[in-house]
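Architecture at a glance
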Amino acid sequence: MTDEHTGACLCGGVRFKTHGKLREVVACHCSQCRKQTGLYYAATNVPIANLVIEGEEAITWYRASTFARRGFCKTCGSALFWAADGAEEISIMAGLFDQPTGVEISYHIYCADKGDYYEITDGLPQYRQGRPGLATAGSSD
């Protein structure tokens, strides 16, 4: 599997290429992620220095918490990125990547906040809130 990956939003107005290994996919069930996507975020991440974006002018950033923002395509509305202020890495929605991705969901966070209309039944670890060592905005920010 190559360490170069490409992807795009639904309309193709934002395209990107990453270099280097992708982190495992984390499924976040916090209320912010549910409200933005309708279900939950499934995101990997890369160092910002390893991300090249085409169509950056089509990205709108929303300040989602006191220390993070969410990027989405202003044309098609695709959720794209989650970025903590001052972080050296950026989260990218896993569904944006062209296949094969070579990544898998490893665990679920903010499970106490998950929607009441679905169950998490994949047998992967579930954390009531965030996971230690993983930067998140949390359900109350």
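Before reading further, recall that the structure is shown in the block above.
First, a word on scope: everything that follows refers to the structure included in this document. (Residues numbered from 1 in each chain as written. Predicted model: local features only at pLDDT ≥ 70, side-chain atom pairs only at ≥ 80, totals over all residues. Heavy atoms only, no water.)

In this section: the sheet that holds strand E2 (residues 15-19). With respect to topology, three strands assemble into an open sheet ordered E1-E2-E5, the strand pairing being antiparallel. Every interior strand has two partners, whereas the edge strands, strand E1 (4-8) and strand E5 (51-54), have only one. Pairwise comparison of adjacent strand axes, ignoring direction, gives a mean angle of 15 degrees for this sheet. The pairing of E2 with E5 spans four bridges and is classified as antiparallel. (Pairing = 2+ DSSP bridges. Helix = DSSP H or I, 4+ residues; strand = E, 2+ residues; numbered from the N terminus. Axes fitted to C-alpha atoms, helices over the stretch in contact; angles between N-to-C directions.)

Enumeration according to the criterion identifies seven aromatic pairs in this entry. Judged by centre distance (6.2 Å) and plane angle (35 degrees), the ring pair of Tyr40 and Tyr118 falls under tilted. Of the two residues, Tyr40 sits in the loop between helix H1 (31-37) and strand E4 (41-47) while Tyr118 sits in the segment after strand E10 (105-109), which places them 78 residues apart along the sequence. Owing to a relative accessible area of 11%, Tyr118 belongs among the buried residues under this scheme. Pairwise contacts between aromatic rings join Phe16, Trp61, Phe81 and Phe97 into one cluster. Over the ring of Trp61 we find Arg69; its NZ or CZ atom is 3.9 Å from the centre of that ring. (Phe/Tyr/Trp six-rings, centres within 6.5 Å; stacked < 30°, edge-to-face > 60°. Buried < 20%, exposed > 50% of the residue type's maximum accessible area, 1.4 Å probe, protein only. Lys NZ or Arg CZ within 6 Å of the ring centre and 35° of its normal.)

Let's shift gears to the sheet that holds strand E7 (residues 68-73). Here we have seven strands laid out as an open sheet, ordered E6-E7-E8-E9-E4-E3-E10, and mixed in their pairing. The open sheet has two edge strands with one neighbour each: strand E6 (59-63) and E10. Sheet twist, expressed as the mean angle between neighbouring strand axes with direction ignored, is 30 degrees. Pairing geometry for strand E3 (residues 25-28) and E4, over three bridges, is antiparallel. Across the sheet, the residue bridging to Cys28 is Tyr41, located in E4.

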